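Report on the structure
Chain by chain, the residues run as shown.
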Amino acid sequence: MLVRSALLSIILIKSLASASTSSYISPDQSPAVALHSSSATEDPVQSTYLHFPHDSPRLGNAFIPKSDTNQDYYNFEGLSPPENPTNPAPAWARHPLAPPLPPHKRQILAKRANQIQIDAPYPPAAYIDINNLTTIAILAEAAVARMQTWYTGGQYEWTGWWQIPVIGMAYTALDNALGNRVNELLIKDLLYKNGGVGYMIDKYVDDQSWWAMFALRAYEVYGNNTWLQQAVNISVNNTLYWDQTCGGGVLWLTYRPKIKNTITNGLYFGILARLYRYTGDLQYFNYAMNTLNWWLSWAFDAPTGRVWDTITAPTDWNPDYPSACNVTGLETWTYNSGAFLFGLADLYYATGNTTLLDLGRTIAYAAMRDFSDQSTGVVIESCEHDPQPSSDLPPGCQQDETMFKGILMMGMAELYVARPDSNIYNFVNTQLLSVVFNDIDDTWLFGEWWNGPWNETTAGPKTQGNTLAMVSAAAMINRAFLSKVGHSTAVQGVSSQVTVPSNTSSGVGNAGSTARSTGVSAASSRTRGPVGEGRVSLLVGIGMAVGAGMVLLTGPLA
């Protein structure tokens, strides 16, 4: 491990000393340009959380806005982290002691024996600074390397198939926001290994839709037309499952014709909105708007901003009586509140209509209110405190739910980049800082409870991917904000590609290291600047699968 204090000071001082006026806007041509280029003004009402501990009292319920107007920001030029950072939120006493590890968790945590040899000083709480993107890049690089300890054959062990593209979305967001593109080979490997003809098509419509969301963001950053075609193919398949049951919408499961839900239709909407941006095809716009309007008719509670999960038709459903459908799951999962934020931002870019962003802001604010601990502002998934469902399973969230919080964070980040919002800025950065102080161990493994304490019983690849999604959201938001106020957005020295083993296609190998099961090798062929030791990057040739042909199908017409 490096001798950190003096060397870290060098990189922080150099990074803070260089100012950049370049703007970060996604996409480059959008109505958000004027907002990002406007001068920063002082906000006398909102308190922005730069670092913990914050020396000003919170306002009421921490992050609930005082008005519907967006506030601007202070200019933070020249600020640096506190010399002696303290824990922003003590660990909750209500968390139970960890029970003995079941066999499957012992297998996951056996990876800890392969200590990551990475040139990142630990703990990150000693230097994290949301006004210095280099510190976020160091955190992200170490966390991705830890994630790579589970990588084999284009998959992550003990991780659901739909969760892999969510992690891929985090990688593309990191590369886009930090500008160092260190995950490029990994992104290509994930899409290539999972991009065979028909492989991205699944009986779960929402699962396949995550791959389209990932492919579209990879296309944005790296411009490979194959990935755009993959998204088109998935969208065409999704449209096959639109029908008029309960008034419209696409099915959740291809074999369950009576169930529709928010996440599936939110992803369908998001794919259509971005395809409309990229192609200008009005059919995508029409499908997107009809999906949005149908969803608003049953899933969105306007007085509270809350989102329902599922709508189910009775077995004898009659189209003449659409109200017979049963709506369930109000305020159930965090990712439902994030589902439509991606598409709302994209349609705003395409149309310039700020009403779309107003809707997104209402949903985001309600999620801040309903899903966070009111004393700390840290997000809590509703299942986090559940007892063990059985002796061989851990407490807390189990499979799918473990990844939900990160999805909400990424949706909020895309909404923020479209239109800056001080409450979203505060909220996402609070998650980042709380995790850095409370929920990471000395192998760079994130846990489930972002407010702490770190607990090995619930920590694994899903919690790592979930928190990486949040870190990528923070990177996007802080890049956009720092650009706006004319602060440096340069990332210094974090530039080595994450290694991708050439033998992953056969399901063997050690996730890319030349020496151990890590994403970073012990040897060096390049250096990381003033605080770095380098590592070998195994650069493998990545072939691109050619997308299958497609036809336009009848979809959600008005």
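Reading the values: rules and limits
Residues numbered from 1 in each chain as written. Predicted model: local features only at pLDDT ≥ 70, side-chain atom pairs only at ≥ 80, totals over all residues. Heavy atoms only, no water. Helix = DSSP H or I, 4+ residues; strand = E, 2+ residues; numbered from the N terminus. Buried < 20%, exposed > 50% of the residue type's maximum accessible area, 1.4 Å probe, protein only. Contact = heavy atoms within 4.5 Å. Expected span 1.5 Å × (residues − 1). Pairing = 2+ DSSP bridges. Axes fitted to C-alpha atoms, helices over the stretch in contact; angles between N-to-C directions. Phe/Tyr/Trp six-rings, centres within 6.5 Å; stacked < 30°, edge-to-face > 60°. Lys NZ or Arg CZ within 6 Å of the ring centre and 35° of its normal. Core = buried A, V, L, I, M, F, W, Y, C linked by side-chain atoms within 4.5 Å. Disulfide = S-S within 2.5 Å. Salt bridge = Lys/Arg side-chain N within 4 Å of Asp/Glu carboxyl O. Parallel < 35°, antiparallel > 145°, perpendicular 65-115°, else oblique. Left-handed = near helix turned anticlockwise from the far one by under 90°. Nonpolar A, V, L, I, M, F, W, Y, C, P; charged D, E, K, R; others polar.

**Topic: the overall build of the protein chain**
Within the protein chain, the secondary structure is distributed over 16 helices and seven strands. Here the protein chain, with 558 residues, has 60% of them falling under the buried criterion. Of the contacts formed within the protein chain by residues at least 6 apart in sequence, a portion of 75% connects residues at least 24 apart.

**Quick look at helix 7 (residues 205-222)**
For helix 7, built from 18 residues, the straight-helix expectation of 26 Å at 1.5 Å per residue is met to within 8% by its first-to-last C-alpha distance of 26 Å. Counting buried residues in helix 7 gives 17 out of 18 residues, a clear majority hidden from the surface.

**So, the sheet that holds strand 3 (residues 259-261)**
In spatial order, the strands read 3-6-7; together these three strands make up an open sheet with antiparallel pairing. Looking along the sheet, the strands with just one partner apiece sit at the ends: strand 3 and strand 7 (326-328). This sheet shows a mean twist of 20 degrees between the axes of neighbouring strands, independent of strand direction.

**Observations concerning the packing of aromatic side chains**
Throughout the structure, instances matching the rule amount to 19 aromatic pairs. Measuring from centroid to centroid gives 3.6 Å for Tyr335 and Phe404, while their planes differ by 10 degrees, and the two rings are stacked. With Tyr335 in helix 11 (residues 334-339) and Phe404 in helix 14 (residues 404-418), the pair connects residues that are 69 residues apart, well separated along the chain. Take Tyr335: its relative accessible area is 10%, and that puts it in the buried class. Of the aromatic side chains, those joined through ring pairs into one cluster are Trp162, Trp210, Trp333, Tyr335 and Phe404. For Lys405, the ring lying beneath its charged end belongs to Trp450, and the centroid distance is 4.2 Å.

**Describing the nonpolar core**
Ranked by size, the top nonpolar core spans 143 residues in total, and within it Tyr156, Tyr171, Trp295, Met409 and Met412 carry the most contacts. The element best represented in this core is helix 16 (residues 461-484), accounting for twelve residues. Once residues within four sequence positions are removed from consideration, Trp295 is found in contact with Thr262, Phe300, Val307, Phe340 and Ile363.

**A look at the state of the cysteines**
The tally for this structure, following the rule as stated, stands at two disulfides. Two residues share a disulfide in this structure: Cys246 and Cys325, whose sulfurs sit 2.0 Å from each other. What sets the handedness of the Cys246 and Cys325 disulfide is the S-S torsion sign, and at about -95 degrees it is left-handed. Of this pair, Cys246 sits in the loop between helix 8 (225-239) and strand 3 while Cys325 is found in the loop between strand 6 (310-312) and strand 7, placing the two residues 79 residues apart along the sequence. Note on accessibility: Cys246 and Cys325 belong to one class, buried. What links to what in the protein chain: the bonded cysteines, counted in sequence order, pair as 1-2, 3-4.

**Quick look at helix 6 (residues 184-193)**
All buried positions along helix 6 are accounted for by Leu185, Leu186, Ile187, Asp189, Leu190 and Leu191. Close packing links the buried residues of helix 6 with helix 4 (133-147), strand 1 (151-152), strand 2 (155-156), helix 5 (163-178), helix 7 and helix 8.

**Description of the pattern of salt bridges**
It is possible for side chains of opposite charge to pair when their charged atoms get near one another. A complete count under the given rule lists 13 salt bridges for this structure. Between Arg274 and Glu220 there is a salt bridge whose closest N-O contact spans 2.9 Å. Remark: Glu220 occurs in helix 7 and Arg274 occurs in helix 9 (residues 262-279); sequence separation between them is 54 residues. A relative accessible area of 2% means that Arg274 is categorised as buried.

**Description of the packing of helix 14 against helix 16**
Relative placement of two packed helices is described by the angle separating their axes and the distance separating the axes. One can describe the packing of helix 14 onto helix 16 by two numbers: an axis separation of 7 Å at closest approach and a directional angle of 15 degrees. Relative to helix 16, the element helix 14 is oriented roughly parallel. The chirality of how helix 14 crosses helix 16 is left-handed. Between helix 14, through Phe404, Lys405, Gly406, Met409, Met410, Ala413, Glu414, Tyr416 and Val417, and helix 16, the contact on the second element is made entirely by Asn466, Ala469, Met470, Ser472, Ala473, Met476, Ile477, Ala480 and Phe481. The class makeup of the residues in the contact of helix 14 with helix 16 is 13 nonpolar, three polar and two charged.

**What about unusual backbone geometry?**
Cis rather than trans, the peptide bond between Tyr122 and Pro123 has omega equal to 5 degrees. Locating Pro123 in the fold gives a position in the loop between helix 3 (103-109) and helix 4. With omega at 0 degrees, the peptide bond leading from Gly452 into Pro453 counts as cis. The residue Pro453 is located in the loop between helix 15 (422-438) and helix 16 in this model. Non-glycine residue Trp158 carries a positive phi angle of around 55 degrees. Take Trp158: it is sitting in the loop between strand 2 and helix 5. Look at Trp158 and you get partly exposed, because its relative accessible area is 30%.

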